[in-house]
Amino acid sequence: MTETAETLDNTISAGKTVIKGACPHDCPDTCAMLTTVQDGSAISVSGNADYPYTKGTLCGKVDKYLHRVYSPDRILYPLRQVGPKGCGRFQQISWDEALDEIAERFESIIADYGSEAILSCNYLGQQGILNGIASGDAFFNRLGASVSERTLCNSGTRTAYFMTFGATPGTDPEQFIHAKYIILWACNAISTNLHLWPIISEARKQGAKLVVIDPFQTRTAKQADWHISVRPGTDGALALGMMHVIIQQDLIDTDYVEKYTIGYEQLKARAREFPPERVAKITGVSVEDIIRLAQEYATAQPAVIRIGVALERQAGGGQAVRAICCLPALVGAWRHLGGGFLQVTNWAFPIQWNAIQRPDFIKPGTRVINLWQLGAALTGELELNPPIKSLFVYNCNPLVMIAEQEKIVAGLQRDDLFTIVSEQFMTDTADFADIVLPATTQIEQFDLMYSWGQLYLTANLPAIPPIGAAIPNAKLFRKLAARMGFEEEHFKLTDEELIQKAIDWSSPTLQGVDLELIKQQGFVKLHIDPTPHAAGNFATPSGKCEFFSSKALQGNFVMPFLRQGYTEMQSGEPLDPLPNYTPLRESCPSDPERASRYPLNLISAKSHAFINSCYGNLPKHKRMEGAPRVFIHPEDAAHRSIEHGQLVKVFNDRGAFEVIAHVGNEVQPGVVVASLGHWRKLSHSNSSLNAVASSVFADLGRAAAVSDTLVEVILARRNC
Ligand SMILES: Nc1nc2c(c(=O)[nH]1)N[C@H]1C(S)=C(S)[C@@H](COP(=O)(O)OP(=O)(O)OC[C@H]3O[C@@H](n4cnc5c(=O)[nH]c(N)nc54)[C@H](O)[C@@H]3O)O[C@H]1N2
Ligand SMILES: Nc1nc2c(c(=O)[nH]1)N[C@H]1C(S)=C(S)[C@@H](COP(=O)(O)OP(=O)(O)OC[C@H]3O[C@@H](n4cnc5c(=O)[nH]c(N)nc54)[C@H](O)[C@@H]3O)O[C@H]1N2
Ligand SMILES: [Mo]
């Protein structure tokens, strides 16, 4: 009997039950979670010790999950706004009243403006197949709403990855244990991918070297064998410089390149343009370090690269990812167990998203609105016809998480905008809602969880009944569909029926597995080849690793985190089929005037104690995170008479926010770093980082160049 089974028996006999679940958050780890229940209440959560990937540990955020579930601030009943928008004055109403009002307003908006005047704004607040990013798609598609293009995260990276490798999960993180050289490139794993860390630590005990490439000395960079502090937005040049050295010093795996790649000669010509001397000037990394990195990476096999998501948030971020993706094939790293490349693994999961999203319900020609442009869409700047008259927000907190915050505030303040927010907490966004709907937490609902950072399908069984009148997202959209009179069978399917349809049970990755087995065991690991590309076998049109991308020639295209079929291929200018380096957009010399007014480049980093903005309101998590800060180099601080610990204003012509200055060498001169997720209304200035961030698109995947943002920092007035 395993340890957990023993524990289970003991706890059941003591009048307690332990229910198998999974962390709901937008995080690569997707931990298996156990909830202990006594007399109908959850009394503790813990990691499932039987789960091979997370081995019984939860992070410091989710081990306090019950603070979320039982917080006195939970929204437990439907509410109607009674004060001016944004003041957060609400009165409790019944579900029937809420649904009636939504249906009546939708019907009148559709009659006056057409259904495209309605837009949903949703993301990964919950990550399950049922209640996650796609849970409302069938409803909104059937309604005829504008389609929201959700490129808030990972779309630039995914597009680049897809151009090079196709839809493949890459290297299984559990195989990192065999690696001898690990590069965490723009990835702060100790904060954002915690359960990869013990695997990396084990590999290091067995002799692996850990290199972190990041302009910021993160918790992870501090622990590395070698931290390479690159200038933001210059990684494309660094990767091309590495290639230059690898090719020049004949460190390529010629056999692998010949058999399993296409475009080597063109790539070689491109890399020739990036000698280390030029790359050193661009990146701020010394010539010696560029050469050493290239040599070590090429020769210390198995070598594996794990990239985070931050690269795509710079003007040339997509092509930088493309360049980094080319490295493993060049040196044959894919041949080895534990070698290769990891970005996101969810390509591996045999999920038939169309069964959940129902893109077939979309009326041909329905317009698509990108969520990074929410502010411009709501304020009328986009000159949409019809204008947006209703916004339905769920699994998302746009007022904190989407750039150009001031425009979003202005849009949400519109009296003629009917806003519905389904939430667990009264977020900054929910304050502006006309109707707020109560959402359940993970331990109150059923779901099946995939992962974007590992290879397990994990069951989440309800541990306690819904609290108050809260309901899961899947149920919310069934209720709305019924109230709108939608007759399609889809809207009558139960949770389990939907899951049965959504999974391709015949996939070789799930041989011998059915839903009952997953529920019983709590999880299954997909059957995936541990060296998926040892002999090529890429999922590209050529079946090879495409240094020269054939997809790029067909026109610009977008690969969002979850696509609804139709967004894949767009017409337009062909993309550069070879990886390249594009300088930052906002800084000199592209806009010298702007750069002189706002000389510092602001990077947004994920906070340690929150998941995006989740937990940003809970006292224990806030204490763990500390006050919102901006990291600034001592030279930049001295130049502005700023001292460590003082309140400063970070601003540009888009907006401003106030935080405490952390003066230190963690950042380079010219760069400032602030963490994301602090709530606007709990901040000094009633604004936060996205007040200044730009929502201009980067080069690939319509990711926004939010970290390609110039600002100035001054002492906040109240210091004077
Ligand atoms: N604790 C915690 N964990 C999380 C989240 C959270 O909010 N909090 N969010 C989850 C989500 S949604 C995501 S997408 C992932 C993101 O996971 P990560 O990608 O690891 O997180 P980020 O903090 O966005 O970026 C990682 C690092 O990239 C660096 N960086 C920024 N610009 C550049 C650049 O131009 N070049 C290089 N080389 N580095 C750069 C930043 O300084 C930062 O340290 O984390 C997930 N996990
Ligand atoms: N400037 C800048 N902006 C960024 C980023 C950046 O690095 N810089 N990062 C981007 C990234 S990587 C991401 S992933 C996005 C994240 O953007 P969001 O997905 O908007 O981030 P969250 O703050 O997690 O908001 C999710 C909300 O969903 C709610 N929620 C949780 N579970 C449920 C549920 O079951 N039902 C309902 N109805 N609601 C629920 C939570 O309470 C929370 O308020 O932000 C992007 N924005
Ligand atoms: Mo993300």
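Residues numbered from 1 in each chain as written. Chains lettered and ligands numbered in written order. Predicted model: local features only at pLDDT ≥ 70, side-chain atom pairs only at ≥ 80, totals over all residues. Heavy atoms only, no water.

Our working definition: UniProt positions are given in the numbering used here, feature names are shortened, and annotations may be inferred rather than shown by experiment.
Under the annotation held in an unreviewed UniProt entry, the protein chain carries the name Molybdopterin oxidoreductase family protein and is attributed to Leptolyngbya sp. NK1-12. Within the UniProt record for the protein chain, the comment given under Cofactor (unreviewed entry) is "Mo-bis(molybdopterin guanine dinucleotide)". What UniProt records for the protein chain under Sequence similarities (unreviewed entry) is the sentence "Belongs to the prokaryotic molybdopterin-containing oxidoreductase family."

## Focus: the overall build of the protein chain
Quick note on the threshold: Every helix listed is a DSSP run of H or I at least four residues long, and every strand listed is a run of E at least two residues long, numbered separately from the N terminus. For every residue, the accessible area (1.4 Å probe, protein chains only) is compared with the maximum for its type, and the residue is labelled buried under 20%, exposed over 50%, or partly exposed between those bounds. Note on contacts: a residue pair is in contact if any heavy atoms of the two residues lie within 4.5 Å. Residue-level accessible areas treat just the shown protein chains as cover; the underlying method is Shrake-Rupley with a 1.4 Å probe.
Helix and strand counts for the protein chain stand at 25 helices and 27 strands. Considered along the principal axes of its C-alpha atoms, the protein chain spans approximately 70 × 65 × 50 Å. Per-residue burial over the protein chain gives 64% buried out of 720 residues. Here the analysis covers contacts within the protein chain between residues at least 6 apart in sequence; of these, 76% occur between residues at least 24 apart. Counting only carbon and sulfur atoms, one obtains 50% of the accessible surface of the protein chain, whose full area is about 24800 Å².

## Examining the UniProt feature "domain: 4Fe-4S Mo/W bis-MGD-type" (unreviewed entry) in the protein chain
UniProt records the feature "domain: 4Fe-4S Mo/W bis-MGD-type" (unreviewed entry) for residues 16-73 in the present numbering. Counted over residues 16-73, helix gives 9% and strand 36%. Its end C-alpha atoms are 27 Å apart.

## Here we look at the side chain of Ser422
Along the chain, Ser422 falls in strand β16 (residues 418-423). Judged by relative accessible area, which is 5%, Ser422 ranks as buried. What Ser422 contacts, discounting residues up to four positions off in sequence, is Val393, Tyr394, Asn395, Leu437, Ala439, Asn473 and Leu476.

## Focus on the sheet that holds strand β10 (residues 226-228)
What counts here: For two strands to be treated as a pair, DSSP must find at least two bridges joining them. In this analysis, axes come from line fits to C-alpha atoms, helices being fitted only over the stretch in contact, and the angle between any two N-to-C directions falls in the range 0 to 180 degrees.
Across the sheet, five strands lie side by side as β10-β9-β8-β12-β13; this open sheet has parallel pairing. Of all the strands in the sheet, just β10 and β13 (340-342) have a single pairing partner and so form its edges. Neighbouring strand axes in the sheet, compared pairwise and without regard to direction, differ in orientation by 20° on average. Note: strand β8 (residues 181-185) against strand β12 (residues 303-307), five bridges, orientation parallel.

## Here's the deal with helix α14 (residues 317-331)
Here is the rule we go by: By this rule the span expected of a helix is its residue count minus one, scaled by 1.5 Å.
Its 15 residues place the ends of α14 23 Å apart at the C-alpha level, agreeing with the 21 Å of an ideal helix rising 1.5 Å per residue. For α14, a buried count of 15 out of 15 residues is recorded, marking the element as mostly surrounded by other parts of the structure. Residue Gly332 follows α14 closely and has a positive phi angle near 70°.

## Thoughts on the environment of Ala481
Along the chain, the position of Ala481 falls in helix α19 (residues 473-483). Look past the residues within four positions of Ala481 in its chain and what remains in contact with it is Phe139, Phe486 and Phe491.

## Concerning the sheet that holds strand β25 (residues 655-663)
Spatial strand order, β22-β26-β23-β25-β24-β27: six strands in a closed barrel with mixed pairing. Averaged over all pairs of adjacent strands, the angle between their axes in this sheet comes to 45°, without regard to strand direction.

## Focus: the site of ligand 2
What counts is decided by this rule: The near set for a molecule or strand comprises every residue that places at least one heavy atom within 4 Å of it. Polar contact criterion, stated in full: a pair of N or O atoms within 3.5 Å, where within protein one must be able to donate a hydrogen and the other to accept it, and residues adjacent in sequence count only if both atoms are side-chain atoms.
Around ligand 2 there are 33 residues in total, and Met401, Ser422, Glu423, Ser613 and Asn690 lie nearest to it. Between a nitrogen atom of ligand 2 and a side-chain N or O atom of Ser604, the distance comes to 2.8 Å. In this structure, a nitrogen atom belonging to ligand 2 sits 2.7 Å away from a side-chain N or O atom of Asn690. Taking 920 Å² as the accessible area of ligand 2 by itself, protein coverage stands at 98%. Where the shell around ligand 2 is concerned, the elements lending two or more residues are β16 and β22 (600-606).

## Brief notes about the pairing of strand β3 (residues 41-47)
Note: strand β2 (residues 32-38) against β3, six bridges, orientation antiparallel. Bridging across to β3, Val37 finds its partner in Ala42. The turn linking β2 back onto β3 is made up of two residues, and Asp39 within it adopts a positive phi angle of 50°.

## Some thoughts on the packing of aromatic side chains
Operational definition: The rule is short: rings of Phe, Tyr and Trp, with Trp giving its six-membered ring, pair when the centres are within 6.5 Å, and they are stacked under 30 degrees, edge-to-face over 60, tilted in between. Here, a charge over a ring is recorded when the distance from Lys NZ or Arg CZ to the ring centre is within 6 Å and its angle to the ring normal is within 35 degrees.
In this structure the tally under the stated criterion is 26 aromatic pairs. On the basis of an interplanar angle of 65° and a centroid distance of 4.9 Å, the ring pair of Phe216 and Phe631 is categorised as edge-to-face. Taken as a pair, Phe216 in the loop between β9 (209-213) and α8 (219-223) and Phe631 in strand β23 (residues 629-632) lie far apart in primary sequence, 415 residues in all. Ring centres of Phe392 and Tyr394 lie 6.3 Å apart, and the angle between their planes is 75°; on these two criteria the pair is classed as edge-to-face. Using a relative accessible area of 0% as the deciding quantity, one classes Phe392 as buried. One aromatic cluster is present, formed by Phe139, Phe140, Phe361, Phe392, Tyr394, Phe477, Phe486 and Phe491 through successive ring pairs. Above the ring of Trp347, the side-chain terminus of Arg158 is found at 4.0 Å from the ring centroid. Sitting above the plane of the Phe274 ring, Arg278 keeps its charged end 4.4 Å from the centroid.

## Focus on the site of ligand 1
Heads up, the rule is: All residues other than Ala, Val, Leu, Ile, Met, Phe, Trp, Tyr, Cys, Pro, Asp, Glu, Lys and Arg, Gly among them, are scored as polar; the first ten of these are nonpolar and the last four charged. An automatic or database domain assignment provides the domain bounds reported here.
In the neighbourhood of ligand 1, 34 residues make up the surrounding shell, with Asp214, Asp235, Val309, Phe610 and Asn612 lying closest. For ligand 1, a nitrogen atom lies 2.9 Å from a polar atom in the backbone of Ser607. Isolated, ligand 1 exposes 910 Å² of accessible area, and the fraction of that covered by the protein chains is 99%. Listed by contribution, the elements that provide at least two residues to the shell around ligand 1 are α6 (189-192) and β22. For the shell around ligand 1, the leading source of residues is β22, giving three residues. Taken together, the residues of the shell around ligand 1 break down into 18 nonpolar, 10 polar and six charged. The two domains that each donate at least three residues to the shell around ligand 1 are domain 2 (156-346 + 542-554) and domain 3 (592-719).

## Regarding the domain arrangement of the protein chain
When its domains are assigned, the protein chain resolves into domain 1 (79-151 + 354-440 + 467-504), domain 2 (156-346 + 542-554) and domain 3 (592-719). Here the C-alpha centre of domain 2 lies 39 Å away from the C-alpha centre of domain 1.

## As for the pattern of salt bridges
Definition in use: Note on definitions: salt bridges are taken to be side-chain nitrogens of Lys or Arg within 4 Å of carboxyl oxygens of Asp or Glu.
Summed over the entire model, instances satisfying the criterion amount to 37 salt bridges. With its nearest N and O atoms 2.7 Å apart, the salt bridge here joins Lys389 to Asp416. Here Asp416 lies in the loop between α18 (405-412) and β16 and Lys389 lies in the loop between α16 (374-379) and β15 (390-394), a separation of 27 residues in the sequence. Here Glu593 makes a salt bridge to Arg597, at a shortest N to O gap of 3.1 Å. Of this pair, Glu593 and Arg597 both sit in helix α23 (residues 592-597), four residues apart, roughly one helical turn. One network of salt bridges, in which partners are shared, links Arg585, Glu586, Arg594, Asp653 and Arg654.

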